[in-house]
Amino acid sequence: MIIIKTEQEIQNMREGGKRHAQVLQKLAKMVRPGISTWELDQEAEKMIKDFGDKPAFKGYKPDGAKTPYPATLITSVNEEVVHGIPNKKRILQEGDIISLDIGVHHNGVFTDAAITVPVGKISKELNELLMVTEEALQVGIDQVKPGNTVGDIGSAIQSFINKRYGIVEGFSGHGVGRHIHEDPYIPNYGKPGEGEKLVAGMTIAIEPMMNLGTKYVKILSDGYTVVTKDGKPSAHFEHTVLVTEAGYEVLTK
Ligand code: MG
C-alpha cells in the first residue's frame, strides 16, 4: 500500500533529511586510508543520537533475514554492492570506494540516503563509475512528478546508463517515510509509463546501484552483504525524495 504523507510528516522528514545529509557529509570527510568501517559506524551512531534521533537500520530485520541488522551504518566497500556490515578489522585502503548508507528515524518518520566516496586517490575508471552513478540518481529524480510512474524513473536511469555498467536487479528503491521500507518498489530499469503512478505527497527513496562489470550479484554467508558475482566494484547513491504538485523536492540534502 502506498502511503501519502501528511504535511506534518513531510515537515518532519524535511528536518530529519537535513540532519541525515549532515551525518553523511561528516562521514565522507572521515573516509581515508587506515580508518575502519567500524569507526565510521561509531561516528554515525553518535551523531544521530546527539541530534536526538534514532538509527533506522540498527535492529531492523528485513523480510527473509535471520538476524536483525547489527549496526547504524551500512558500509559497502569495492565489490560489495549494498548491506555491508561495519567491522573493526575492515580497514580502508588507498584506491577503495565505499558506499555509506544510513536510515534516520526523526520525530516518527524515516529518511534513507547513501553516497559512495573514494578512499584517497582512486582510478579514473572508478572515478567515472562514481560520477555516472550519482548522475543516474539525478536522472531518476528528474522523472519525479505527479502522473509519471515508477517505470519512468527506472527507464530513464536504464537509458542513461546505456549498457555502460551492470544495473543491479533484485535490490531497488522504495517508498519511505512512515516505515523505512514501503511500497512501491522502484527498480533502476523499466519501461516508460509502467508501474505505480506518482502522486503528490508520496515520499520515495531512489537508489541506483551500478556495477563496473556484469549485473549479477550474490549474498554472502553473513546473510546481508551483497557482492558482485564477478568481484568487480559497484557504486550506490540514494536520496529520499518528496513528490510535490510541481515535481519533486529532495529531502536528504
Ligand atoms: Mg534504501
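Residues numbered from 1 in each chain as written. Predicted model: local features only at pLDDT ≥ 70, side-chain atom pairs only at ≥ 80, totals over all residues. Heavy atoms only, no water.

This brings us to the pattern of salt bridges. When the charged atoms of two side chains with opposite charge come close together, those side chains can pair. One pass over the full model with this rule turns up 11 salt bridges. A salt bridge links glutamate 45 to lysine 49; the nearest nitrogen and oxygen atoms lie 2.7 Å apart. Of this pair, glutamate 45 and lysine 49 both sit in helix α2 (residues 37–50), four residues apart, which is roughly one turn of that helix. Its relative accessible area of 13% is what places glutamate 45 among the buried residues. A salt bridge links lysine 215 to glutamate 169, with the shortest nitrogen-to-oxygen separation between them at 3.2 Å. With lysine 215 in the loop between β10 (209–211) and β11 (217–219) and glutamate 169 in the loop between β6 (166–167) and β7 (173–175), this residue pair connects regions lying 46 residues apart in the sequence. On the basis of relative accessible area, lysine 215 is assigned to the partly exposed category, the value being 33%. Residue glutamate 169 is classed as partly exposed on the basis of its relative accessible area, which comes to 37%. (Salt bridge = Lys/Arg side-chain N within 4 Å of Asp/Glu carboxyl O. Helix = DSSP H or I, 4+ residues; strand = E, 2+ residues; numbered from the N terminus. Buried < 20%, exposed > 50% of the residue type's maximum accessible area, 1.4 Å probe, protein only.)

Glancing now at the side chain of threonine 75. Along the chain, threonine 75 turns up in strand β2 (residues 73–77). Since its relative accessible area comes to 2%, threonine 75 is described here as buried. Not counting the four nearest positions on each side in its chain, threonine 75 is found in contact with Thr37, Glu80, Gly84, Ile85, Pro86, Ile98, Ser99 and Leu100. (Contact = heavy atoms within 4.5 Å.)

If you look at the biggest cluster of nonpolar residues, it comprises 28 residues, and the most contacted ones within it are Val144, Ile153, Ile161, Leu198, Ile204 and Ile206. Per element, the largest residue contribution to this core is seven residues, and it comes from helix α3 (residues 124–141). Counting residues in each nonpolar core, the second largest holds 20 residues, with Ile35, Ala44, Val77 and Val117 among its members. (Core = buried A, V, L, I, M, F, W, Y, C linked by side-chain atoms within 4.5 Å.)

A few words now on the sheet that holds strand β15 (residues 248–250). In spatial order, the strands read β8-β7-β9-β14-β15; together these five strands make up an open sheet with antiparallel pairing. Each edge of the open sheet is held by one strand with a lone partner, namely β8 (182–186) and β15. The sheet shows a mean angle of 25 degrees between the axes of neighbouring strands, taken without regard to direction. The strands that helix α4 (residues 150–161) touches are β8 and β9 (203–206); relative to β8, the one it contacts most, it runs at about 35 degrees. (Pairing = 2+ DSSP bridges. Axes fitted to C-alpha atoms, helices over the stretch in contact; angles between N-to-C directions.)

The values are spatial; any link to function lies outside them.
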